[in-house]
Amino acid sequence: MLDLLITDANLPDGRLGVDVAVAGERIVEVAPGIAARGAAAVERVDAGGRLLSPPFVDAHFHMDATLSYGLPRINASGTLLEGIALWGELKPLLDHQAIIDRAIAYCDWAVARGLLAIRSHVDVCDPRLMAVEALLEVRDRVKPYLDLQLVAFPQDGVLRYDPRRDDPGCRLTALQLLEKALDMGVDVVGGIPHFERTMAAGAESVRLLVDVAARRGLRVDMHCDETDDPMSRHIETLAAETRRAGLQGRVNGSHLTSMHSMDNYYVSKLIPLIAESGVSAVANPLINITIQGRHDTYPKRRGMTRVPELIAAGVPTAFGHDCVMDPWYSLGSADMLEVAQMGLHVAQMTSQQGMRDCFDAVTRVPAGVLGLDGYGVAPGCFADFVLLQAADPVEAIRLRATRLGVWRRGRLIASTPAQTAQLRLASRPSQVDFQHHRAG
Ligand code: FE2
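Because the structure is a prediction, the values reported are computed rather than measured. (Residues numbered from 1 in each chain as written. Predicted model: local features only at pLDDT ≥ 70, side-chain atom pairs only at ≥ 80, totals over all residues. Heavy atoms only, no water.)

S.K.: Help me get a handle on the overall build of the protein, residues and values and all.
M.R.: Along its length, the protein carries 14 helices and 17 strands. Compactness check: the protein gives a C-alpha radius of gyration of 22 Å against a globular reference of 22 Å for 440 residues, within 12% of the reference. Along the first, second and third principal axes, the C-alpha atoms of the protein reach 70 × 45 × 45 Å. Considering only contacts in the protein between residues 6 or more positions apart, those separated by 24 or more positions represent 75%. As displayed, the protein offers around 17,600 Å² of accessible surface, 52% of which is attributable to carbon and sulfur atoms. In the protein, 45 positive and 53 negative side-chain charges are present, and the distance between their average locations comes to 2 Å. (Helix = DSSP H or I, 4+ residues; strand = E, 2+ residues; numbered from the N terminus. Rg over C-alpha atoms; globule rule 2.2 N^0.38 Å. Contact = heavy atoms within 4.5 Å. Areas by Shrake-Rupley, 256 points an atom, 1.4 Å probe, with all protein chains shown as cover. Lys, Arg positive; Asp, Glu negative; His and termini not counted. Charge placed at Lys NZ, Arg CZ, Asp CG, Glu CD.)

Below, the structure is given as structure tokens:
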């Protein structure tokens, strides 16, 4: 006896009308006709030709800052640097319980949207490591619902930040604070080389942090070249250091926005280096289009990294949400389809394959970046999935489709009624389902 049988589901890889059988927490079979051959199940769900996707995954977020919009004031210029300054003003005012409350409120939103895995950076430039303690607690508490992976992120620069600025009695360096966060259980090594004082210091920070990861057997995810300065080339160092340390497949460069402004000849050499180094990339479309180009008059640069070119070169490239209602961004709602839709537009990925790549960039690809186990709609994988009011990935992005059901380990944890309208027009259907309003 199966625990759950979902029938007539379309999958993101293009398979149509398959059945998905679940026993306990795992998928045991994915094939057409499981129901037709009479398989018994405790619960059956008719997907009705709709898209059953593995959960959305956000490869880049800041859960310690989320939902703090307006505290202690609003970012007037909208720039990255004012956002960092504003976060610096907010940090001394943070409260352990308030961080937890805001983070868990965000996790509620995430679950409702089918976002069941998040990699969140957590600021370690704080002698108290208050946000680290809080988010470690959140990671444990939300585990039944979503996977929260934490990155030890030195927001003020691992070489630039002096902890004695905030606590004259502190005897630790910023690097020691970062290592302490890792000792406490933070999962991934972060960095921010473009925020160090010089290019040389930025490169040195990359080397130091890659060594920490190699010594501890951890993954790396650095904020890298989040600037419009085409000479910000820390991704080159990150790729080279990844090879030196033998960390291929375990290192990610986040943002990489300077690549938007780089000379094409240099990029033709850089992207193959990234690909050969096994380094993945995460663009953050909502934030990049909002924050980059702020020093431009007109024409204004879009600022997002070269997503289609990275994908064409074989670099795993994901989209992250980065910020929701925090010092850097006043909007957002944990909706990774909104993120995919913005990425699609900014990168002009309007071909059928391009749009499908954008869906993969908020599902399958970031799952690989995080190294999630048991991810996917396939036998042996966890029974974690989202049923969308859409027939395929392109329609899901176009409609920012309603999440009809969200399952975690075979258990329904969120549901939303289908979006329909009731009309009374002669010779027209009385109920309009948005999914079926398709051209052609
Ligand atoms: Fe970020």
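S.K.: Quick rundown of helix α3 (residues 130–142)? Include the residues and the values.
M.R.: Taking 1.5 Å of rise per residue, the 13 residues of α3 would be expected to cover 18 Å, and the 18 Å separating its terminal C-alpha atoms lies within 8% of that figure. Every buried residue of α3 is accounted for by Met130, Ala131, Val132, Ala134, Leu135, Leu136, Val138, Arg139 and Val142. In the core, the buried residues of α3 are packed alongside α2 (96–112), β6 (115–123), β7 (147–153) and α4 (174–184). (Expected span 1.5 Å × (residues − 1). Buried < 20%, exposed > 50% of the residue type's maximum accessible area, 1.4 Å probe, protein only.)

S.K.: So, the coordination of the iron ion: which residues are in play, and what are the values?
M.R.: All of the protein donors around the iron ion are His60 (NE2), His62 (NE2), His223 (NE2) and Asp322 (OD); their distances to the metal are 2.1 to 2.5 Å. Of note is the iron ion, whose 4 donor atoms meet at the metal with angles of 85 to 176° in an arrangement that counts as irregular. Going along the chain, you hit the donors of the iron ion in the pattern H-x1-H-x160-H-x98-D. Taken together, the positions of His60 in strand β5 (residues 56–61) and Asp322 in the loop between β12 (317–319) and α11 (336–346) put the pair 262 residues apart, joining distant regions of the chain. Judged by relative accessible area, His60 falls into the buried class, the value being 0%. Classification of Asp322 by relative accessible area gives buried; the value is 2%. (Donors = N, O, S within 2.8 Å, 3.2 Å for Na, K, Ca; no water. Tetrahedral: all angles 85-135°; square planar, octahedral: opposite > 155°, others 65-115°.)

S.K.: Tell me about the packing of aromatic side chains, residues and numbers included.
M.R.: For the structure on display, the rule yields 5 aromatic pairs. Ring centres of Phe61 and Tyr106 lie 4.4 Å apart, and the angle between their planes is 15°; this geometry places the pair in the stacked category. Of this pair, Phe61 sits in strand β5 while Tyr106 sits in helix α2, and the two are 45 residues apart along the sequence. In this pair, the class of Phe61 matches that of Tyr106, namely buried. Aromatic ring contacts, followed pair by pair, group Phe61, Tyr106 and Trp109 into a single cluster. When the ring centre of Phe195 is taken as origin, the NZ or CZ atom of Arg160, which lies over that ring, is 4.1 Å away. (Phe/Tyr/Trp six-rings, centres within 6.5 Å; stacked < 30°, edge-to-face > 60°. Lys NZ or Arg CZ within 6 Å of the ring centre and 35° of its normal.)

S.K.: Pulling in residues and values, what's your account of the side chain of Arg403?
M.R.: With respect to the element layout, Arg403 can be found in strand β14 (residues 403–408). Of the polar contacts made by the side chain of Arg403, one reaches the backbone oxygen of Ala401; its length is 3.0 Å. Among all residues touching Arg403, those that are not within four sequence positions of it are Phe56, Ala112, Arg113, Gly114, Asp335, Met336, Leu337, Val386, Leu387, Leu388, Ser415 and Thr416. (Polar contact = N/O pair within 3.5 Å; in protein donor to acceptor, adjacent residues only side chain to side chain.)

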